[in-house]
Amino acid sequence: MNNVLLTLVMPDELAQEMKDLLLSRPDLIKGFTASHAEGRGATVELVEAGELVDGYALRTVIRSVGSETAMREIIALIKQELPRAHTYFWLVPIIDMGSL
């Protein structure tokens, strides 16, 4: 089975709940990297006054590599456990990976 990169982009206020959900399934996700980002564009809802002034909303990005089957199971789990997560995701194939 080929590995894929799963990227999740979510509102900051959801990040801890998402991390907890991912950590609850070590059988599917061996680990992940989380970082902060600025959400911009037509699909990003700006609500707070500061967001309207700055033109972006704070987001958290979580990335994990695993089998396509496992990453699709994670997506299904998120849909089931966090149905209103307002989380964007994408999967991309991994050409090569390793440790240097």
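See the structure shown above.
Quick summary incoming for the structure in this document. These numbers were taken from a predicted model, which means no experiment stands behind them.

Let's shift gears to helix 3 (residues 68-81). Compared with the 20 Å implied by 1.5 Å per residue over 14 residues, the 20 Å span of helix 3 between its first and last C-alpha is a close match. Listing the buried residues of helix 3 in full gives Ala70, Met71, Ile74, Ile75, Leu77 and Ile78. The buried residues of helix 3 occupy an angular sector of 160 degrees when projected down its axis, which confines them to one face. Exposed residues on helix 3 whose side chains face more than 90 degrees from its buried face are Lys79 and Gln80. Each element contacted by the buried residues of helix 3 is listed here: strand 1 (3-11), helix 1 (15-23), strand 3 (57-67) and strand 4 (88-93).

A few words on the sheet that holds strand 2 (residues 33-39). As summarised here, the arrangement of the four strands in space is 2-3-1-4, forming an open sheet in which the pairing is antiparallel. Where the open sheet ends on each side, the last strands, each with one partner, are strand 2 and strand 4. On average, each strand axis in the sheet is inclined to that of its neighbour by 25 degrees, with strand direction left out of account. With nine bridges joining them, strand 1 and strand 3 adopt antiparallel strand pairing.

Calculation rules
- Residues numbered from 1 in each chain as written.
- Predicted model: local features only at pLDDT ≥ 70, side-chain atom pairs only at ≥ 80, totals over all residues.
- Heavy atoms only, no water.
- Helix = DSSP H or I, 4+ residues; strand = E, 2+ residues; numbered from the N terminus.
- Expected span 1.5 Å × (residues − 1).
- Buried < 20%, exposed > 50% of the residue type's maximum accessible area, 1.4 Å probe, protein only.
- Arc of directions from axis to C-beta.
- Contact = heavy atoms within 4.5 Å.
- Pairing = 2+ DSSP bridges.
- Axes fitted to C-alpha atoms, helices over the stretch in contact; angles between N-to-C directions.

No statement about biological role is implied by the geometric values presented.
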